[in-house]
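So the chains spell out like this:
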Amino acid sequence: MKISLTQKYNVPGPRYTSYPTVPYWNEADFTTEKWISSLQKSFSESNSKKGISLYIHLPFCESMCTFCGCNKRITKNHSVEETYIKALLKEWYLYCKILPEKPVIKEIHLGGGTPTFFSKENLELLINGIFSYAVKAENHEFSFEGHPNNTTHEQLKKLYDLGFRRVSFGVQDYAAKVQQAINRIQPFHNVAKVTFWAKEIGYTSIGHDIIFGLPFQAIEDVIDTVEKTNSLKPDRLAFYSYAHVPWIKGNGQRGFNDENLPKDAEKRQLYETGKKLLSQNGYHEIGMDHFALEADSLYKAAHNGNLHRNFMGYSASKTQVMIGLGVSSISDSWYSFAQNTKNLEDYYQLLEWDKLPVVKGHILNEEDLIIRKHILNLTCELQTSWTEESLNFTELPEVLSALQEIENDGLIVIEENSIKITEEGRPFVRNICMAFDLHLKRKSPETNLFSMTV
């Protein structure tokens, strides 16, 4: 029996928020001193021209969502807020001490965990503390993730007053049986309320995150979720494939069994149904997993060739430096990556010792930098080329050979000096990037590392 393309290409693979991907970092050759040197070099090249990005990880959640693989700490004790913010500002101070001039911040993203776990007073303390050592770039883009169940009007207003204009709300799915399975009981009323508040206050980009492939999810659930979403008309959407990674230590994916998950063609149909409905309602597909209305900055960035992808996902700002603050955060100097400890107590202890809480990373070599550009081109522009000498690499013929079958299946078009992803190939961008991933080719994983690609 002939298998479908979905069955053929539905294999474990990275999401390519970086290259090399974290499991393939060369930790043996990495030191904090090398990271600092790389950061200083990149900062000097780009700060005054482009500014930098800042990702701040706020890990606390009041309850466990059993679809989530993020680094988080479950607690209802809000006294943890002040201690954590004090630590974040200490980490930022240590970075600012080693930078040659005041950082110009183009982009801030508050991620989690649940950023709206924090009170408006503590969020203000955090942002004002950041800018005691930095300045805002012109046309800055500050964003945060909000939980519809606990985001208050006061938090939205305070962050707006501090310069935030973009917010994303985690929706996932509106079906009661799905919400029960993932322990995310969240009525439509709560999402509508915070969305209308954000519009009323003046936020210019409101996003919703929805997921396909969740346990017990059916076609009618996706239709209902997309229709409800469209009634609120968020400016942009992340329409993610559920990443089932129960082997990751500390994640909450234990509230259902594998047989409760939609598989292969069934799961793909959930996406195609949602995508069709979104398209009919004015949303344009941007890169992988993202949709936006034409007025949104993400659509404009994609249309103008300025779309960027990093550990925060897709961005309309092409900064060269991204500093990650907080437990488990990852920083990127373009030439190297550095990750903080995932352990909260260790994070506090290292900062007490006046040390950056970096515990691992990777220094990119010349080959890594070239492949990274190709993967960014594929994920952001759905095409790449090697007309410039700087984009040629020794293994290119081997990569093109690996792509031949993908071309035969109609997912890409290979020309003399370029590759273009077809409309049929959009769902398989991760698979196409995998052909360029020389680290993955040279050492296939022996254990579970990645979620399924489709």
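Because the structure is a prediction, the values reported are computed rather than measured.

1. A look at the domain arrangement of the chain
In many reports, interface size means the accessible area that the parts give up when they come together. Partitioning the chain into structural domains gives domain 1 (1-19 + 366-447) and domain 2 (20-325). Of note, the centres of domain 1 and domain 2, computed from C-alpha atoms alone, are 26 Å apart. It is Arg15, Thr17 and Cys380 that lose the most area in domain 1 upon contact with domain 2, and together they represent 27% of the buried surface on that side. With a closest N to O distance of 3.3 Å, glutamate 423 and lysine 275 form a salt bridge. One can count seven residue pairs in polar contact (both at pLDDT 80 or more) joining domain 1 with domain 2. For the side of domain 1 that touches domain 2, the secondary-structure elements that each account for two or more residues are α1 (5-9), α12 (366-381), α14 (429-436) and α15 (438-442). In terms of residue count, the dominant contributor to the side of domain 1 that touches domain 2 is α12 (five residues). Taken together, the residues that form the side of domain 1 that touches domain 2 break down as nine nonpolar, eight polar and seven charged.

2. Things to note about the pairing of strand β5 (residues 135-146)
With six bridges joining them, strand β4 (residues 104-112) and β5 adopt parallel strand pairing. Note on β5: the bridge partner recorded for valine 104 is valine 135. Handedness of the β4-helix α4 (residues 120-130)-β5 crossover: right-handed. Pairing of β5 with strand β6 (residues 164-172) involves five bridges; the strand directions are parallel. Paired with phenylalanine 144 across the bridge in β6 is valine 167.

Reading the values: the criteria
- Residues numbered from 1 in each chain as written.
- Predicted model: local features only at pLDDT ≥ 70, side-chain atom pairs only at ≥ 80, totals over all residues.
- Heavy atoms only, no water.
- Domains from an automatic or database assignment.
- Buried area = accessible area lost by both parts, 1.4 Å probe.
- Salt bridge = Lys/Arg side-chain N within 4 Å of Asp/Glu carboxyl O.
- Polar contact = N/O pair within 3.5 Å; in protein donor to acceptor, adjacent residues only side chain to side chain.
- Helix = DSSP H or I, 4+ residues; strand = E, 2+ residues; numbered from the N terminus.
- Nonpolar A, V, L, I, M, F, W, Y, C, P; charged D, E, K, R; others polar.
- Pairing = 2+ DSSP bridges.
- Right-handed = clockwise from strand over helix to strand, strands pointing away.

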